[in-house]
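Spelled out, the chains give:
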Amino acid sequence: MAQTLPLLNPPIHTQMRRALGNVFNQSTLAALHRVAERAVQDLLDELTDRLHSGPADFVALVSEKLPIMIIGEWMGLPSEDYELLRDLTHDQVHTQELFPTPSEIATSDAATARLQTYFADLIQRRRSNPGDDPVSAWIRVWDDLDGDRAHTDAVVHSLALFMILAALETTSHLIANTLRLLLEHSSQLDLLRQHPELIPDAVEETLRYDAPIHLVSRVAPTDTVLGGMPVAAGETVQLLIGAAHHDPAHFPNPHAFDVRRRRGHQDVGGPSRLTSHLAFGAGIHYCLGNALARLEATALLSALLKRSIRLRLTGAPTWAPRVVFRRITSLYVGLA
Ligand code: HEM
C-alpha cells in the first residue's frame, strides 16, 4: 500500500497526478450522474417497499449500496462482486485508524491481500481484453510512458485498489450522515423542502459539521514550526480536521448544523460561496473524487425529497468505534 497516492511525495506524486489527468471530468461526471439517478430511484423504491412493513435500515438498503454501484459501473466491475468489495473495504480500513488492535491489523492485512489478488486479476483481464474503462485507460497511459509492463501493472494496481478504498466508506458515510443530520434537525429539512436549491449546501454543511475523515497525517520533511509548536524532521503530525471544522474563529456558531451557512445565513435566494472546510483535504493531495462524492449525495437527497414519503428516525444510529474514518453502521428510519 506504500505506493498509494496519499503516501507519495513530489516528484513522483506530481507525475502520477499529471498522468491521471482530470479523472472525473465533465463528461465522465455527466455519465455517472445518469447512472446515479437511475441507481437512486431503484434503491429508494426498495426502501419505500420495505418501509410499508415497518422501520428499515437506510445504511444497508441505500447508503452502503450507492457508492459501489457508481464506482463499479465506472470501473466496469461485475455487479456480483459489489458485496465482496464492500466487505473487504470495511475490513481493510482498520489499519488507517490511530490505534488498531492486533486482531484488527490481522483482519485488515487479510482484506488487503484479497483486494490485491482481486485487482491483479482485473488488470490481467483488462490487458487481454481492453475496454472503455479507467483501468484499461491507465494501462495504456503507463505503457506509453515507460513501456515497462511490470511497472505499469504495479502503478495501475495501486491506483485501482486505492480508488475503491477511498470511494466507498467515505461516500456511504456522507450520504447516511446527511440524512441523519436532517432528520435530527427537522427545521433544516423543512427548509430544504421549500428550497431544494439548498441541497448542495446541506451536503457541504454535513461535510463540515461531521467530516467522514476526521484526521489526516503528515510527516515533517525538515525541522519546522507549526502553529507555534516545534516539529522535528521525521515526526508525524496528526491534523484534526473534525476539530478544525468546529473552530469558532473560522466557523461562527460552529456546533449549529445550518444548511444556510454558506450563504451567510442570508436570504436563501442569495449567492452561495464555497466553504473552506477541509473534508476533502487540501493542497497537492486534495481529494480526486470530491465531485463524484458530492454528485452522489446530492442526487440521493434530491430524489428523496421529491418523493411523497416522509421519514423519521426510529432509533439512535449505530457507529463503528473509530476515530479517523467515521462510519454509521445502521440508521433505522420509518414512515412519519
Ligand atoms: C465524502 C467522500 C470523500 C471524502 C470525505 C474524501 C476525503 C479525502 C481526503 C481528506 C483526502 C486527502 C488525504 C490526505 O491529504 O492525506 C482524499 C484524497 C483522495 N481521495 Fe477522497 N474522499 C471522498 C471520496 C472519494 C472518492 C469518491 C474518490 C474516488 C472515486 C476519492 C479518491 C481520492 C484519491 C485518489 C485521493 C488521493 C489524492 C492524492 O493523494 O493526490 N475520494 N480524499
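Up top is the structure these notes are about.
Described below are features of the structure shown in this document. Note that the coordinates shown come from a computational prediction; the quantities given were computed from them, not determined experimentally.

**Digging into the nonpolar core**
Now for step 1: Counting residues in each nonpolar core, the largest one holds 87 residues, and the members touching the most others are F119 and W138.
Now for step 2: A per-element tally of this core places helix α8 (residues 149-184) first, with 17 residues.
Now for step 3: Setting aside chain neighbours within four positions, we find F119 in contact with M75, L85, H157, A160, L161 and I164.
Now for step 4: By size, the runner-up hydrophobic cluster in this structure holds five residues, among which are V93, I213, L215 and V324.

**Considerations on the pairing of strand β9 (residues 332-335)**
Now for step 1: Where strand β1 (residues 56-57) lies against β9, two bridges are found, and the strand directions are antiparallel. Across the sheet, the residue bridging to A56 is V333, located in β9.
Now for step 2: When strand β6 (residues 311-313) meets β9, the two strands line up antiparallel, connected through three bridges. Residue pairing for β9: L311 is matched across the bridge by L335.

**A closer look at the site of the ligand**
Now for step 1: Looking at the ligand, there are 27 residues lining it, with H13, R17, R218, H285 and C287 nearest.
Now for step 2: Contact between the ligand and R17: an oxygen atom at 2.6 Å from a side-chain N or O atom of the residue.
Now for step 3: Between the ligand and the protein, one listed contact pairs an oxygen atom with a side-chain N or O atom of R218 at 2.7 Å.
Now for step 4: Of all elements in the fold, only α1 (12-20), α8 and β2 (215-219) reach the threshold of two or more residues within the shell around the ligand.
Now for step 5: It is α8 that contributes the most residues to the shell around the ligand, seven residues altogether.
Now for step 6: The class makeup of the residues in the shell around the ligand is 19 nonpolar, six polar and two charged.

Rules behind the numbers
- Residues numbered from 1 in each chain as written.
- Predicted model: local features only at pLDDT ≥ 70, side-chain atom pairs only at ≥ 80, totals over all residues.
- Heavy atoms only, no water.
- Core = buried A, V, L, I, M, F, W, Y, C linked by side-chain atoms within 4.5 Å.
- Buried < 20%, exposed > 50% of the residue type's maximum accessible area, 1.4 Å probe, protein only.
- Helix = DSSP H or I, 4+ residues; strand = E, 2+ residues; numbered from the N terminus.
- Contact = heavy atoms within 4.5 Å.
- Pairing = 2+ DSSP bridges.
- Near = heavy atom within 4 Å.
- Polar contact = N/O pair within 3.5 Å; in protein donor to acceptor, adjacent residues only side chain to side chain.
- Nonpolar A, V, L, I, M, F, W, Y, C, P; charged D, E, K, R; others polar.

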